[in-house]
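# Summary of the model geometry
Each chain, letter by letter, is given below.
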Amino acid sequence: MTGRWATAGLILLSLCPACFGGEPTLEDRLAPLAKAHRGKVAIAVKNLETGESYYLNADEPMPTASLIKVAVLVEAYLQADEGKVRLTDPVTLHDADKVPGSGVLTDHFSDGATFPLRDAVRLMIAFSDNTATNLVLDHVGIANVNKRMAAWGFPNTKINAKVFRGSTTSVDPARTKRFGLGSTTAHEMAGLFEEIAAGDRLRPPLKQAVLGHLKKNQDKDKFTSLLPDDTVVAHKDGAVSDARTDAGVICTPGGAVAVCVLTDNNEDQRWRPDNAGNVLCARVAKEVYDHFAVQARK
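What you are looking at is a predicted structure, and each value in this text was computed from that prediction instead of being measured.

### Notes on the pairing of strand 1 (residues 40-47)
Counting buried positions along strand 1 yields 6 of 8 residues, so the element is predominantly enclosed. Note: strand 1 against strand 2 (residues 53-56), 4 bridges, orientation antiparallel. Counted as the bridge partner of Ile43 is Leu56 from strand 2. Linking two consecutive strands that pair antiparallel, namely strand 1 and strand 2, is a turn of 5 residues; a positive phi of about 85° is found at Gly51 within it.

Set out below in C-alpha cells:
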C-alpha cells in the first residue's frame, strides 16, 4: 500500500482500529449503543485500578429515579457513624406511610410493624422499597443527604422529596418538576461509587456495610442481566416510565470498574424486562466487562 491509499488506510485505522484487527476501545464499544438508543443517554466508566475511562454526556444533570437512594444509604451510615442516629433505632410503619411502587412494605406489612432502621435501609436498597426509603428519610433528612453530596463534590446529586410525596415534601419544587425524585450526572454518580469503593471518606467497616447492601440489590434486568453469574456487582438501579438508570462497581477480570448509565426521554416505556433502557444498561455493563477482560489477558 503506497501513496494516498496508505494515508487513507492510516486514517481508517485511527477511526476504527477494531475494523483492522485492533482491540476495540471503550468508545468503540459504548458509543454505538448510546447512538442507537431512542432516548437521551449519559455514560461514565472508570477502571478504579488503571484509571482507564470513558465519558459520554457525563456532566449533564439527568433524572435518577431510585438510583438516588444510594445517596440516602451513604447518609444513613455516616450519620450512624457520627452518632446522630443508630441503625438499631426502631422504625414503626403506619398505613399513612405506605406509598405505591417497588418494595414489600406496602403490600406485605401491617400497620404498627416495628423494625430497626438498618432493616429499612436494607429494603430500600435490595428491593428499592419506596415506603422504606421514606422511613429512612424521616430519620436522616432530605436536606442532609443533599448537603453531604455537595460537600463530597457532587452538587448535582440531589434527592428532591420523599417518594410519591413530591407535592408535600419537596425541598426544591423546580427540581422536583424537572427531575422527579432525584438528579445526578453520570460523572458524579460514578464518582460517588468510586468514593464508596476506593475513597477514604468511609471508614473500612462502613465501606464494607454499604457495599454489602449494594451487592444484594435484587434487580436482574439491568447491569447483571448479561454478566457471568459469578460476577460481583455492587449497584443501585432506577426506573420510571421514561427513564431507566443503573450505577455501581462491577468487578471485572481487569479490575473494579465504576459504571453509570442514565437514560431519559425514552421512547420505550414498557414495564418489561426487555425495555430498551434496561437492555442498554445490560449491554453497557457487558461491554465494559468484556473490554477489561480482554485487557487482563494482555
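### A few points about the sheet that holds strand 10 (residues 255-264)
Read across the sheet, 5 strands follow the order 2-1-10-9-8 without closing on themselves; strand pairing throughout is antiparallel. Taken across any chain shown, the strands that pair with only one partner, and hence form the sheet edges, are strand 2 and strand 8 (233-240). Between one strand and the next, the sheet's axes are offset by a mean angle of 10°, whatever the strand orientation. One ladder, built from 8 bridges, connects strand 1 with strand 10; its direction is antiparallel.

### Some words on unusual backbone geometry
Of note, Ser128 is a non-glycine position whose phi angle comes to about 50°, a positive value. One can find Ser128 in the loop between helix 5 (117-126) and helix 6 (130-140). Assessed through its relative accessible area of 10%, Ser128 is described here as buried.

### Let's talk about the packing of helix 5 against helix 6
Look at helix 5 against helix 6: their axes get within 8 Å of each other, and the N-to-C directions meet at 135°. It follows that helix 5 is oblique to helix 6 by the angle criterion. Two packed elements cross with a definite hand, and for helix 5 against helix 6 that hand is left-handed. For the pair helix 5 and helix 6, the contacting residues are Leu117, Ala120, Val121, Leu123 and Met124 in the first and Ala132, Thr133, Val136 and His139 in the second. A class-by-class count of the residues in the contact of helix 5 with helix 6 yields 7 nonpolar, 2 polar and no charged.

Rules of the game
- Residues numbered from 1 in each chain as written.
- Predicted model: local features only at pLDDT ≥ 70, side-chain atom pairs only at ≥ 80, totals over all residues.
- Heavy atoms only, no water.
- Buried < 20%, exposed > 50% of the residue type's maximum accessible area, 1.4 Å probe, protein only.
- Helix = DSSP H or I, 4+ residues; strand = E, 2+ residues; numbered from the N terminus.
- Pairing = 2+ DSSP bridges.
- Axes fitted to C-alpha atoms, helices over the stretch in contact; angles between N-to-C directions.
- Parallel < 35°, antiparallel > 145°, perpendicular 65-115°, else oblique.
- Left-handed = near helix turned anticlockwise from the far one by under 90°.
- Contact = heavy atoms within 4.5 Å.
- Nonpolar A, V, L, I, M, F, W, Y, C, P; charged D, E, K, R; others polar.

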